[in-house]
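Descriptive structure summary
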Amino acid sequence: MYKIVKREEMAEGTVVLNEIEAPSIAKKAKPGQFVILKANEEGERIPLTMADTDPEKGTITIIYMVVGKSTALFKTLKVGEGYQDVIGPLGQATHLDKVGTVVCVGGGTGVAVLYPITRGLKKMGNHVISIIGARTKSLLILEDKMKEASDEFYVCTDDGSYGHKGFVTEVLKNILDKTKVALAVGIGPVPMMKFVSKITKDYDVKTIVSLNPIMIDGTGMCGGCRVSVGGKTKFACVEGPEFDGHAVDYDELMKRLQAYREEEENCRLKFEASKKAA
Amino acid sequence: MSEKTTQKEKSSRQSMPEQKAEVRKRNFEEVPLGYSKEAAMAEAKRCLQCKKPSCIEGCPVGVDIPGFINLIGEGKFAESIKKIWEKNSLPAICGRVCPQEIQCEGKCIVGKKAEPVAIGNLERFAADFERLYGKGEIPSKMKSTGKKIAVVGSGPSGLTVAGDLILKGHDVTVLEAFHKTGGVLVYGIPEFRLPKSIVASEVATLEKLGVKINCNTVVGKSVTVDELFQEGYDAVYVGVGAGLPYFMNIPGENLIGVLSANEYLTRANLMKAYLFPNVDTPIPMGKNVAVLGAGNVAMDSARTAMRLGAEHVSIVYRRSRQEMPARSAEIHHAEEEGIEFKLLTNPTKFIGNDKGRVIGMECIKMELGEPDASGRRKPVPLKGSEFIVDCDLVVVAVGAGANPLLTRSTEGLSLNKGGYIIADLENGKTTKKGVWAGGDIVTGQATVILAMGAGRKAADSIHKYLNWGW
Ligand SMILES: Cc1cc2nc3c(=O)[nH]c(=O)nc-3n(C[C@H](O)[C@H](O)[C@H](O)COP(=O)(O)OP(=O)(O)OC[C@H]3O[C@@H](n4cnc5c(N)ncnc54)[C@H](O)[C@@H]3O)c2cc1C
Ligand code: SF4
Ligand code: FES
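Report follows, based on the coordinates. (Residues numbered from 1 in each chain as written. Chains lettered and ligands numbered in written order. Predicted model: local features only at pLDDT ≥ 70, side-chain atom pairs only at ≥ 80, totals over all residues. Heavy atoms only, no water.)

Quick notes on the site of ligand 1
Residue and element names in this part refer to chain B. Close contacts around ligand 1 come from 34 residues, with Val97, Glu176, Arg193, Val219 and Asp440 the closest. In this structure, a nitrogen atom belonging to ligand 1 sits 3.1 Å away from a main-chain N or O atom of Ala177. Thr447 is positioned with one of its backbone polar atoms (N or O) 3.4 Å from an oxygen atom of ligand 1. In isolation ligand 1 offers 1,000 Å² of accessible surface; the protein chains occlude 96% of this area. Among the elements of the structure, helix H11 (156–167), helix H16 (296–307) and helix H20 (448–468) are those that each provide at least two residues to the shell around ligand 1. For the shell around ligand 1, the leading source of residues is H16, giving three residues. The class makeup of the residues in the shell around ligand 1 is 16 nonpolar, 13 polar and five charged. (Near = heavy atom within 4 Å. Polar contact = N/O pair within 3.5 Å; in protein donor to acceptor, adjacent residues only side chain to side chain. Areas by Shrake-Rupley, 256 points an atom, 1.4 Å probe, with all protein chains shown as cover. Helix = DSSP H or I, 4+ residues; strand = E, 2+ residues; numbered from the N terminus. Nonpolar A, V, L, I, M, F, W, Y, C, P; charged D, E, K, R; others polar.)

Pasting the structure below:
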């Protein structure tokens with residue numbers, strides 16, 4: 001068992017942080033890489049990009065949004081309990097380099113994935129501008145950490161309850177108008193990444209996005225994670241999860257993410273009902 | 001020919017009791033039910049006990065076939081299984097999945113005039129009898145050598161290496177990427193053909209013998225081969241299989257509802273998605289399913305789809321019946337279960353709806369031309385013969401290649417053009433000192449028994465190396 005040593009709820013309990021004992025993964029993991037977790041014998045294999053690692057303590061941190069049955073089940077796990085299986089680190093690490101000024105754009109739980117990359121880029125000596133967003137103030141996560149890892153920091157909320165009222169893309173556009181940016185990193189819901197990439201393309205700024213297709217093995221043996229990048233099929237688990245934001249077919253990805261929507265919804269409802277009954 | 005022989009040849013092969021096609025096509029229980037003692041002994045008596053048995057030549061690991069069959073005939077079942085174990089440590093599995101018709105049974109003399117002796121069924125009988133009624137004796141181990149071996153991959157080849165080396169007194173650890181051991185035996189081959197409890201019992205025996213099993217370990221990612229040596233391993237065996245799924249590379253392949261057989265079967269078998277929603281992994285429920293390819297993988301996919309409740313399932317294959325690579329028993333079972341064979345047919349593109357789901361495919365008729373490199377007649381498209389096949393689920397089972405995850409991260413390991421590891425077929429040695437390889441990652445997708453055979457040879461070679469050097 002991979003034990004949970006710390007657990008935190010964020011964003012009104014819609015997002016959960018777990019710090020998990022996994023010493024060999026913690027030792028090897030680099031920003032941008034992911035793990036696959038399975039809660040119990042009947043559980044599903046769920047890929048999550050690591051939000052942090054502590055090689056000395058031998059722990060990794062994941063932050064996930066509760067969306068379906070599997071994440072609802074994850075949410076029930078308490079400190080001292082744990083996951084039956086954790087596999088990783090998987091995927092390619094972010095290529096961290098000193099390039100000058102970088103913009104890191106994060107939305108929703110994507111901010112969790114963005115955080116270690118932002119910190120890494122800052123450590124390399126880049127001038128880091130960050131923009132994070134959420135629907136409303138209470139759903140924002142990792143604000144302090146992101147602020148600390150950035151030289152300039154912006155917050156947006158769709159409803160204007162905090163920071164700039166509107167989308168991250170609007171702030172991004174303003175920055176690109178004023179500043180010469182060498183690299184953009186956009187991580188969040190697929191539509192957000194799509195629009196971030198659209199804007200940076202207009203300004204000809206190289207852009208990295210981190211994709212989250214459905215996965216099973218995470219080692220390149222099923223092809224369930226395939227995405228189209230520059231007209232070519234790629235297995236996101238081994239060649240990604242990060243890709244050139246300007247080349248990704250986002251519409252296809254959005255559709256593929258819906259493949260099991262009905263099944264997942266039924267499974268989640270059944271789980272909620274059984275939790276209530278118990 | 002003696003009178004005795006003629007009489008034996010007349011007696012027909014004991015038929016294998018099976019679940020009826022109408023019933024089994026909707027459940028996941030094993031199809032053949034196994035011989036009774038009486039049937040096994042009667043079948044064993046059909047063996048002519050040839051002086052120069054050609055069946056043994058047909059077996060890739062050289063099981064003493066007349067030897068073990070004779071013991072079954074005499075009712076000495078415990079002795080019989082020991083005879084098989086001398087050469088084959090996974091007989092319950094091989095008896096079920098070996099392509100006997102081109103191996104042992106294909107060479108059987110009785111088969112010249114009548115049906116060959118049912119060697120596979122008898123092998124299965126001996127192994128099942130031991131598992132169910134045997135004393136569960138475990139073989140004795142040699143004195144501990146203090147040498148450490150890492151076996152990467154827990155498919156049949158890795159398990160064989162682990163079993164052989166633990167008996168020779170070495171300290172063996174199996175590293176497996178998945179959360180469960182068994183390789184293709186658990187993620188690929190379905191329950192109705194190979195019950196998972198059999199694989200689990202083989203692995204449990206290894207654990208009883210002292211083999212350590214580390215699941216969730218992706219070598220090349222979690223740890224590299226070179227790091228294994230730094231951690232103190234003296235030798236590494238690589239048996240990672242050929243797990244990279246091939247696709248057709250035609251338009252529309254990324255539509256929802258087009259899956260690789262690896263994905264489809266992994267969901268069904270490893271993740272037990274046929275029990276959804278009692279387990280959490282879903283699987284697409286096609287009503288009208290097309291499976292591309294005609295090997296064992298394709299048959300397994302088609303029969304799985306039928307069991308998941310499909311109304312219609314077809315095998316779509318670009319060559320003709322003669323060229324179908326699946327075991328004959330699987331083709332026969334698939335037909336009995338009502339699976340349609342669309343032969344000399346090749347898809348040219350997939351057709352989707354506005355939600356990105358597959359609703360059909362365009363196919364073209366093929367005809368057989370000149371023999372190609374594989375010796376089979378090459379299928380050529382018939383111009384203008386395109387037609388549409390309706391389907392809501394497509395399973396692509398057109399072969400698999402070498403996964404580069406481990407090989408790319410290991411310096412000094414020479415690969416061939418296809419990315420497979422170059423290893424000496426006699427002893428499994430690779431071009432990197434201290435590293436052996438065998439099974440599908442060397443040969444390309446082959447068979448369980450060949451993977452086992454390669455494991456056995458490598459285990460002998462590793463043992464020699466640990467005693468006397470490279
Ligand atoms: C659906 C299907 C049906 C088949 N039917 C038959 C049949 O009826 N008869 C027959 O003889 N053969 C059959 N075969 C072929 C047969 O199963 C294979 O030839 C055989 O399993 C190969 O054994 P192996 O040990 O080389 O590899 P595998 O069985 O593929 O095992 C390899 C193992 O290594 C693990 N692995 C991979 N990469 C790594 C890594 N980097 N680190 C750690 N672990 C790793 C994998 O997860 C897997 O568990 C079938 C194959 C399939 C897919
Ligand atoms: S291992 Fe396979 S080939 Fe050898 S005797 Fe058994 S069934 Fe025949
Ligand atoms: S998750 Fe299976 S190939 Fe990527």
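On we go from here.
Remarks on the site of ligand 2
All residues adjacent to ligand 2 are Cys59, Pro60, Ile65, Asn88, Cys98, Gln100, Gln103, Cys104, Ile119, Glu123 and Ile449 of chain B. Of the residues belonging to the shell around ligand 2, the class tally is seven nonpolar, three polar and one charged.

Remarks on the packing of helix H6 (residues 77–85) of chain B against helix H10 (residues 119–133) of chain B
Residue and element names in this part refer to chain B. Direction vectors running N to C along H6 and H10 enclose 115°, while the axes themselves pass 9 Å from each other. On the basis of the axis angle, H6 is roughly perpendicular to H10. The chirality of how H6 crosses H10 is left-handed. Residues Phe77, Ser80, Ile81, Ile84 and Trp85 of H6 touch H10, and the partners they reach there are Glu123, Phe125, Ala126, Ala127, Phe129 and Glu130. Classifying every residue of the contact of H6 with H10 by side-chain character gives eight nonpolar, one polar and two charged. (Axes fitted to C-alpha atoms, helices over the stretch in contact; angles between N-to-C directions. Parallel < 35°, antiparallel > 145°, perpendicular 65-115°, else oblique. Left-handed = near helix turned anticlockwise from the far one by under 90°. Contact = heavy atoms within 4.5 Å.)

Structural notes on the state of the cysteines
Residue and element names in this part refer to chain B. Scanning the entire structure with this criterion turns up zero disulfides over all chains. Here Cys47 stays free of any disulfide, with the sulfur of Cys50 as its closest cysteine sulfur at 6.3 Å. Cys50 sits in the partly exposed class, given a relative accessible area of 30%. (Disulfide = S-S within 2.5 Å. Buried < 20%, exposed > 50% of the residue type's maximum accessible area, 1.4 Å probe, protein only.)

A few points about the interface of chain B and chain A
Listed per partner, the contact involves 43 residues of chain B and 45 residues of chain A. Counting the contacts that link chain B with chain A gives three salt bridges. Salt-bridge contacts for Lys69 of chain A lead to Asp280 of chain B; the nearest nitrogen and oxygen are separated by 2.8 Å. The tally of links from chain B across to chain A stands at 22 residue pairs in polar contact (both at pLDDT 80 or more). In terms of residues, the side of chain B that touches chain A owes the most to one element, helix H15 (residues 261–270) of chain B, which gives four residues. (Salt bridge = Lys/Arg side-chain N within 4 Å of Asp/Glu carboxyl O.)

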